[in-house]
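# Fold and geometry: a report
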Amino acid sequence: MILPFRTASRALVLSIAVAAGSGLAHTPAAAAAGGPFLAHQALYDLSLLKSRGSNAINDARGRILYNFSGSSCEGYTSEFRQVSELDSGEGKVTLSDLRSSSWEDGAGKSYRFKIATRMNDSESSPVDGIAERVGDHITVKLTQPVKKTFNLEGKVVFPTEQIHHIIDAAREGKSVLELTVYDGSDNGEKVYNTLTVIGRPITGDRTPTSPDPSTANDVMKTMTRWPVTVSYYDRDARAKDGEQSPVYAMSFELYENGVSRALVLDYNDFVISGALDKFDVRDSKPCK
């Protein structure tokens, strides 16, 4: 899924895939060695886990509703809505409503996206566009917020590919993965460098310390998952003293079928917890 909460000032956009798979972002990817990704709906409850730094907040709460469907042959569709409330103290409360939808080709050749954000009574310019892999580069065509066409280097991956690469790396026993990701966030021109740290696998027969609807689901009980942390860096920002701090980081447990649980979103000044509250498996058509 698109891993949410892109920035605290812009509706706390968690773009899962995640991770609800982070997004997540977090969007599940094309079928891998362990089988296809799972069509599902997930509901996450958001709450303030920790506050720190000069821009600390008093409270945060909200919900993420994530729907994922499709297959490697017809492509993958995700629909994401996040409603959140930030309390900065002294009566300063920001209510945000983020809606996004996307479709990604099963082979990572094409990516369509629409994003709309509303904060309090103000609606931001929507983002609408398509990115297509052509030869050794990617061509992005935006229709909103402004009409614009530009190219990205071919090594850039889309959200679906990102999760696909993470799961492949986890299966191979790798602990670190670096990727450059484009998902249409911000004004549709932002590209992020990411660093993913993958922990040891958690087999389905291990009792979770904090159970939720995914760990109780019959489909999920036998699934292996991995603790994952993805740090996002602004590719265009200059590092200070040779070291760059991430814009934000996401931690979650990623199942081998693309579902995510135990979400933690770190925005430096505060940390948000995303607990999986409801989880439903959806019917899907297998590839012929």
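Residues numbered from 1 in each chain as written. Predicted model: local features only at pLDDT ≥ 70, side-chain atom pairs only at ≥ 80, totals over all residues. Heavy atoms only, no water.

## Thoughts on helix α1 (residues 159–171)
In a regular helix each residue adds 1.5 Å, so 13 residues correspond to 18 Å; α1 covers 19 Å between its end C-alpha atoms and thus fits that length. Burial analysis of α1 places 10 of its 13 residues in the buried class, the great majority of the element. Those residues of α1 not exposed but buried are P159, T160, E161, Q162, I163, H164, I166, I167, A169 and A170. After α1 finishes, the residue G173 shows a positive phi value of roughly 85°. (Helix = DSSP H or I, 4+ residues; strand = E, 2+ residues; numbered from the N terminus. Expected span 1.5 Å × (residues − 1). Buried < 20%, exposed > 50% of the residue type's maximum accessible area, 1.4 Å probe, protein only.)

## A word on the pattern of salt bridges
In total, this model carries 17 salt bridges according to the counting rule given. E256 is the partner of R171 in a salt bridge, and the nearest nitrogen-oxygen pair spans 3.7 Å. With R171 in helix α1 and E256 in the loop between β13 (248–255) and β14 (260–266), the pair connects residues that are 85 residues apart, well separated along the chain. Owing to a relative accessible area of 29%, R171 belongs among the partly exposed residues under this scheme. Here D234 and K190 are joined by a salt bridge, their closest N and O atoms 3.1 Å apart. With D234 in strand β12 (residues 225–234) and K190 in the loop between β10 (176–181) and β11 (192–198), this residue pair connects regions lying 44 residues apart in the sequence. Through salt bridges with shared partners, a single network forms among D212, R225, E253 and R261. (Salt bridge = Lys/Arg side-chain N within 4 Å of Asp/Glu carboxyl O.)

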